[in-house]
Every structure is written in structure tokens, then in C-alpha cells.
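Geometric and topological summary
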Amino acid sequence: MTPLDGHRVAVLGGMAERPLARYLAALGAELGGPVEGASFVIDDIGLEGLGDVAIPAGAVHVSVTTFGSGGPRSGWKGGEFVASAMGGALRVTGEPDRPPVKEAGEACIFHADMVAASGAMAAHYARGTHGQGQHVDVSVQQVAFSRNFNGILCWQFDRRKLARVGGALAYGKATVRAIWKLADGWCFHSLMTGRLGAPANQALSDWMDEAGVPNPLHGTDWLTYNRSTLPAETRAIWEAAIAAFFASRTKAEIASEGLRRGINACVANEPADVLADRHLAARGFFDPQTGLPKRFASIREGAAVAAAPAIHTGARPGPLSGVKVLDFAWALVGAISTKTLGDLGAEIVKIESRTRPDLARLDVQVAASKPGNWDDKPWFAHLNTSKRSLSLNMKKPEARELIDPLIDWADVVVENFSPGTMKKLGLDYDTLAARNPGIVMVSGSVFGQTGPLAQEWGVDGTGGALSGRTFLTGYPDGDPVIPGAVPYGDVIVPYVMAGGVAAALQHRRETGRGCHIDASMYEICVQQMRDTLIAARRGEHPQRLGNADPRVFFQDVFPAAGEDRWVAISLAGAEDRARLEAITGTDVAAWTAARSDHAIVAQLQAHGIACGVVQDSEDMIDNDPQLAGRGALVTLDHPLLGPFGHIATPLRFSRDAFRPFRAPGMGEHAHAIARDLCGLTDARIAELDAAGVFE
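What comes next concerns the included structure. As the structure is a computational prediction, the values presented were derived from the model and not from experiment.

Cut-offs and rules
- Residues numbered from 1 in each chain as written.
- Predicted model: local features only at pLDDT ≥ 70, side-chain atom pairs only at ≥ 80, totals over all residues.
- Heavy atoms only, no water.
- Helix = DSSP H or I, 4+ residues; strand = E, 2+ residues; numbered from the N terminus.
- Rg over C-alpha atoms; globule rule 2.2 N^0.38 Å.
- Buried < 20%, exposed > 50% of the residue type's maximum accessible area, 1.4 Å probe, protein only.
- Contact = heavy atoms within 4.5 Å.
- Areas by Shrake-Rupley, 256 points an atom, 1.4 Å probe, with all protein chains shown as cover.
- Pairing = 2+ DSSP bridges.
- Right-handed = clockwise from strand over helix to strand, strands pointing away.
- Core = buried A, V, L, I, M, F, W, Y, C linked by side-chain atoms within 4.5 Å.
- Phe/Tyr/Trp six-rings, centres within 6.5 Å; stacked < 30°, edge-to-face > 60°.
- Lys NZ or Arg CZ within 6 Å of the ring centre and 35° of its normal.
- Axes fitted to C-alpha atoms, helices over the stretch in contact; angles between N-to-C directions.
- Left-handed = near helix turned anticlockwise from the far one by under 90°.
- Nonpolar A, V, L, I, M, F, W, Y, C, P; charged D, E, K, R; others polar.
- 1 Å grid on protein atoms, 1.4 Å probe; cavity = no way out; pocket = protein on both sides within 12 Å on 5 of 7 lines; lining within 4 Å.
- Points joined across faces, edges and corners; volume = space filled by probe spheres on them.
- Salt bridge = Lys/Arg side-chain N within 4 Å of Asp/Glu carboxyl O.

Moving on, we come to the overall build of the protein. A count of helices and strands for the protein gives 26 helices and 23 strands. Compactness check: the protein gives a C-alpha radius of gyration of 24 Å against a globular reference of 26 Å for 695 residues, within 12% of the reference. When its C-alpha atoms are laid out on the principal axes, the protein stretches across 80 × 70 × 55 Å. The buried share of the protein, taken over its 695 residues, is 61%. Restricting to contacts in the protein with at least 6 residues of sequence separation, those with at least 24 account for 74%. Accessible area for the protein stands at about 24200 Å²; split by element, carbon and sulfur atoms hold 53% of it.

For the rest of this paragraph, the subject is the pairing of strand S13 (residues 347-352). The buried fraction of S13 amounts to five of the six residues, a majority that puts the element mostly inside the structure. Bridging between strand S12 (residues 324-327) and S13 involves four bridges; their strand directions are parallel. By the bridge assignment, Val325 is partnered in S13 with Ile348. Running through helix H11 (residues 331-343), the crossover from S12 to the neighbouring parallel element S13 is right-handed. Taken together, S13, helix H12 (residues 378-383) and strand S14 (residues 388-391) form a β-α-β motif whose crossover is right-handed.

This paragraph deals with the nonpolar core. Counting 159 residues, the largest nonpolar core has Met121, Leu390 and Leu402 as its most contacted members. It is helix H3 (residues 107-130) that contributes the most residues to this core, 14 residues altogether. Listed in part, the 23 residues of the second largest apolar core include Trp180, Cys187, Ile263 and Ala265.

Before going further, it helps to spend a moment on the packing of aromatic side chains. In total, this model carries 16 aromatic pairs according to the counting rule given. When the ring of Phe554 is compared with that of Phe558, the centres are 6.3 Å apart and the planes differ by 45°; the resulting orientation is tilted. The class of Phe554 is partly exposed, set by a relative accessible area of 26%. Its relative accessible area of 11% is what places Phe558 among the buried residues. Following the ring pairs from residue to residue traces out a cluster consisting of Trp180, Trp207, Phe245 and Phe246. The ring centre of Phe471 lies 5.2 Å from the NZ or CZ of Arg544, which sits over that ring.

Most of helix H13 (residues 400-409) sits out of view: seven of its 10 residues are buried. Close packing links the buried residues of H13 with S12, S13, S14, helix H15 (429-435), helix H25 (670-676) and helix H26 (682-690).

Counted residue by residue, helix H4 (residues 140-147) has eight buried out of eight residues, so it is predominantly covered. Along H4, the positions that sit buried rather than exposed are Val140, Gln141, Gln142, Val143, Ala144, Phe145, Ser146 and Arg147.

To continue, consider the packing of helix H6 (residues 194-211) against helix H8 (residues 251-261). Interhelical geometry of H6 versus H8 gives an angle of 115° and a closest axis separation of 10 Å. In this structure, H6 crosses over H8, and the sense of that crossing is right-handed. Seen from H6, the contacting residues are Ala203, Asp206, Trp207 and Glu210; seen from H8, they are Glu253, Ile254, Glu257, Gly258 and Arg261. Residue composition of the contact of H6 with H8, grouped by class: three nonpolar, one polar and five charged.

Our next topic: the side chain of Asn416. By the secondary structure assignment, Asn416 is in the loop between strand S15 (412-415) and helix H14 (421-424). Overall, the relative accessible area of 13% leaves Asn416 in the buried class. Setting aside anything within four residues of it in sequence, one finds Asn416 in contact with Ala329, Trp330, Val333, Gly334 and Gly444.

Within this structure, the stated rule accounts for five cavities of 30 Å³ or more. The wall of the largest cavity is formed by 14 residues, among which Ser146, Ile336, Lys339, Tyr495 and Ile647 lie closest to the centre. Those elements that place two or more of their residues in the lining of the largest cavity are H4, H11, H12 and helix H17 (489-511). Within the lining of the largest cavity, the residues separate by chemical class into eight nonpolar, four polar and two charged.

A few words now on the sheet that holds strand S17 (residues 515-520). Strand order across the open sheet formed by seven strands is S11-S17-S16-S15-S12-S13-S14, with mixed pairing between neighbours. Every interior strand has two partners, whereas the edge strands, strand S11 (298-301) and S14, have only one. Strand-to-strand twist across the sheet, computed as the mean angle between neighbouring axes with direction ignored, equals 20°. Strand direction decides the pairing type here: strand S16 (residues 440-445) and S17, joined by six bridges, are parallel.

A few words on the pattern of salt bridges. Taken as a whole and judged by the stated rule, the model has 46 salt bridges. For Glu257, the salt bridge identified is with Arg261, shortest N-O distance 2.8 Å. Placement of the pair is Glu257 and Arg261 together in helix H8, with a separation of four residues, close to one helical turn. You can call Glu257 partly exposed: its relative accessible area is 24%. In the salt-bridge network here, residues are joined through shared partners; they are Arg91, Lys161, Arg164, Asp564, Arg565, Asp597, Asp616, Glu618 and Asp619.

Inspection of the secondary structure assignment puts Asp556 in strand S18 (residues 554-559). Asp556 sits in the partly exposed class, given a relative accessible area of 27%. Remark: the alpha-carbon pair of Asp556 and Thr2, spanning 554 residues in sequence, is separated by 41 Å. Discounting residues that sit within four places of it in the chain, Asp556 has contacts with Phe81, Asn547, Val567, Ala568 and Ile569.

A volume near 680 Å³ is recorded for the second largest pocket. Considering the residues around the second largest pocket, the lining is formed by 31 residues, among which Gly105, Glu106, Asp531, Thr532 and Arg551 are closest to the centre. Among the secondary structure elements, those contributing two or more residues to the lining of the second largest pocket are helix H1 (19-26), H3, helix H18 (521-528) and helix H19 (530-537). Looking at which element gives the most residues to the lining of the second largest pocket, the answer is H19, with five residues. In the lining of the second largest pocket, the residues fall into 12 nonpolar, seven polar and 12 charged.

Once that is clear, we can look at the sheet that holds strand S10 (residues 265-267). Here three strands make up an open sheet; going across it, the order is S8-S9-S10 and the pairing antiparallel. Pairing within the sheet leaves two strands with one partner each, and these edge strands are strand S8 (179-181) and S10. Direction aside, the axes of adjacent strands within the sheet are offset by 30° on average. Sheet topology places strand S9 (residues 186-189) next to S10; three bridges connect them, and they run antiparallel. The partner of Phe188 across the bridge, within S10, is Cys266. Contacts from helix H7 (residues 232-247) reach S8, S9 and S10, with the element oriented near 50° to S8.

This is the structure:
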């Protein structure tokens, strides 16, 4: 299914080889040709750089620039490295005793292009509603900032800053090691909280016991384990034992015996490993002509229906106003997918349960949150704006009295459970489509719905490790580090999903056909690593390069005055180097070390040199006029946490501006949804309540 068949994309600036262009082409759009008559126009120059170019009134025009169109810094020089610095990703990537190091590839630009893709498709759907085109504006800096939700909430609530932790993950109060040296390489593994991680954690402990190595994990009750509250001294003992165990294993053992045991560990692949991956081959992910990735998500078209569903109108503002979404999603991928749809105007009914609460309702990351309270977690609040909550015990047969009418009501169903879970619940696509033929279903998972690894369990770091992102992030003389230090696949996949949903809804208007969208985190992370796959196909063996980039003349971080203060400088060519050294002399580091980071950047930007402060959360939240002007945080009043800045969906629409509302409490809207959307009487609602259906 290619929902953009018949649409043409005019390309301005350097967008022809960008991920956004490839995404639109993968949906069937034709790339190239004049602006006149184009259905979409994409650029990387912004409104200020258009000059005399006239955008057709009916076109969806998408700009993706370092700082966005408009604002005091829209004219600053930038690119991937500067955006990573100013957006907070660079600050937290790397070892604590070394300078910050960039993620492999153009990670921030890829993220921004996927955000732009979701915005383009939302505007495309809105055009189908009102017939008007509009401008969609994306700032790479703001997109990078939006990924740093752990750091944002730690600063907001505890005035605490996250630091570089190398091969670990920082979860607010806890730092959990995730990259481990093997006998012949590295692997990714982390101990996850509670029921989510219990089977994998137990499998690792059992393997350590059988190998006869010291095992302080033995006898742990993994159902009660919480990564946020485990004492640091206990974690240090555990991690030393795990490190010794992994050092005695090989990559082949992790990929075979580790996989068989389900220990939630995977090899940190090199690009050549990715090209040879049997799972990707089985899913037909690579184009047979080029040998490179050919899609961002797999779409299976549904059967034609007698008449296309009517165009909804909704009371809320935004390009997706009137769209109705039944949300079975949880954790990050699902939460951000439906947050994006909801923020853009869709009506979201979130199905959740006190018997299996969302992970974001569990982790105690800041002092304002307490264990056992489902509603006081700012992490959940950040990730779940613009939704209503229906708490439901799906094991109760009476739950179908609510689920079935909601399936009839919905345009879209979103889920990110392990493949096969929805089928066990009687909620797989074929079953849903039999009841509601025009339904659009989107499923997000680590490996996708098919293929030899489909049933394997994984997390964000799995996609990063298998795709080559992890292996290629770090300094050449050191171990790999966690790319971006925060989840990446978890925040990219939702925009691919949201974009697919909007495109599919417009396609449904035109054809009457729904569809099932299958989004794989692994595949999307591999898309981000496309350039390294090209190099591997040439017979090269890409390695970690620190802050260098083969596409850039020169770039690196330099120390500024103060503790752990840095600036990122990127030079396009010899002329840039000459301009820089005319200001700094030949010893750039000595010049920067004697000056304030913000003063350095202001001076160098004034001379046309791409430069950015390696910003922390305080810099971005309290002192960045560009982010403030773009509304990167929107203040919403939370009933337990009070008013605080929530991460805004990082899109600007010139016509269909949107307005999010706060995240729900557990089951906050259960009775209202049962009555208003499911048609149940107050008496029946009371009976279901007494029977524990609304748990």
C-alpha cells in the first residue's frame, strides 16, 4: 500500500537525500520537479531562505532547519553537531571523564525528519478536511530537546542535572549499566523493573548459576525489583558480577544461547552484521536492487468497504481534529505515538489497567513521586498529554461490553505489545477489520510483527545495538557508549507510526480501505544508519570516530570556562577554518577555555561560524530564547504535581495550530467513556464497577 501515489514532492535546498524525502517516496510520492503544481514542498532552508520562491496555496510545505523558522536564532549556522549540542543530546553522551561525544550518524536530523514526516502527513490529512495547504515548521534543536525527557523532569522537579554515564542509562535516581564487554566485542543488556523485566532478569541469573560464576543476583524476587530504588551499593556488586560473566561470553553465544534463554541481551552489531541479518532478510526489508533499506514501516491494505467513512469534525483544534483513536499502547513507543496524535487534535481513549500499569506510572524518578501512586509521575505526565483514561481489566469477560463499542467508534487502533498479544485478546487486525472494515491499526514493536525474531522481547537499546548505532558511538580508543544517553528508537518510532496513521486515514477517505501498519524499531534504527551500510557494502569497516564525521570538513568540542562547560564547533571548509583562527589563533582550545561558552558562541555565530553551547537542562529550560519562543515546554496544571512545563510535540502548523491538555489519572474517565461512548446505563456501570471490570 502506497498512500501517496499520484502526489509529487518538490525538493528545495539539500533535502533530496534526506530521510524525509525517502519517507515520502516510500509511501509512493514522486520526488522532484518544480514547486509549481507540487503537492508537497520540502526544504532545509526555512522561510527566511525561500527568497522569491512562491509556494502553491494548496501545497503542504515542510521546513526542517537547525533552529526553526523565526525567532532570535533562526539565522544561526548549524547542522547535526550544533543541533545536538544546543538540544541537549551531546551533553549527556560519553564517559564522565572525557569530553562529550556525538551519536553515530545524523541522529538528531533523522529524528527531526521523522517528526517532520508526521507533521507532513497530518497536514495532508487536514488538507483533505478543509482543502488548504499550510507550512509545517520543524526545529532540529527543539526535536533533540524533546528527546531529553529524563533530564528535563529531573531539572524541573529536583534541580538536578544528568551527567554523562558512558555505557549506562540514567533513570532519574538510578544509573543502570547497559553496555558490557564480551570476549570478542560488546553487548547491550539492562535489568528492567518488575513484571516487565522479571523473566529476562531470572534467565540471566539462571545462566550465571549454571556457568558456576559468583552470582549475587541469585534468589532475587524479580517481580518486586525496581531499578529506581535498588541501593547503589547493591547495584555495584551486581554489575561487577554481571561484567565478569559477560567478559567470558562471545558474540556468538549471546546471539544464540542468550537468545534461546531470553536474557534480553543482544550484540552491538557492526554495519556488515546488519547487512547479513537473517531477520531483516526474512522481512524483505532491503531493496533487492540497492541492498539498502526500502521502507520505514510495512503496510498491509484492508479490503474495500461499500462507502468511505465520513469526514469527522471535532471540537478540539489541530490538523487531526475529529480523528478517534483507541489506544492500547504503553511505555514510550505507544505513549508518544498517541500523545502525538492527541496533541494534534485526535480524541484518544487510553486503555490501561491497575493490574498491569504503564511503566511510566511505576518509575520513581523525582522526589515528588512515590512508589505505588499511579498518578504522581511527571514522566507519565510528559508522555501522555491529550488523552482520556479508561482503566479496564481485560481478563474480565464483561470488558467486551466496553471494548466492542469502542472498536465501532474508533478510526484508529494503536498498540505496542509483543506481537501476538492482541490476537490472544481477540483484537488483532483481521478481527477488528471484520467488525469495523475501515479501521486503521498501527502496531509498534522492536522486531516487527513477522520474521524469525518477531516473538523475541527487546527494549529501545536492542534496536540501537542491533542497528550499529551503539557500536559506532564513542571514541576510537574506548568502548562504545549509549548513543544519546536516552532512548532513541523509543522516540523515533512514534513519529513513523503517527505519520503512517495520518497518511492511511487520508488514503481511506479516497479509497474506503483501512490497513495495518507494522512499525519495527530495529528497522527504523537501521534506516538512520543508512550511510554506514553504504560504506559496508563498499567493503569498508566503519569504526567509532569520536566527534569526527566523514561528511564534515572538521568538527569537535572545545572546553569553555567553568566546570564541564563545552562548545561544539563545525567547519564546512578551509575558509571556515581561516575565519575561526583569525579570531582564536591556532590554539582554539586555549582561546575557548578562557571564555564563557555563551559568549564564545555569540561571537563565532556573528562571524558565520557554526557553533553551539553544549547545553544542559538548565541552559535549555531557563535560558534559551529560541526554545522558549517555540514553546518547547507548554505549562499544564497537574492535579498532584501542580503546573509545570510539559514537553510539546515539536511541530508548528501555520493554519491548524493545536493545543494539548494534561495527562489523565488512572481510570479518570472510565465512567464517562462507558456512558457517553459505549452507551452503558449508570446502573450497568455500577454493576461492572462492583465486579472489578474498571480495575
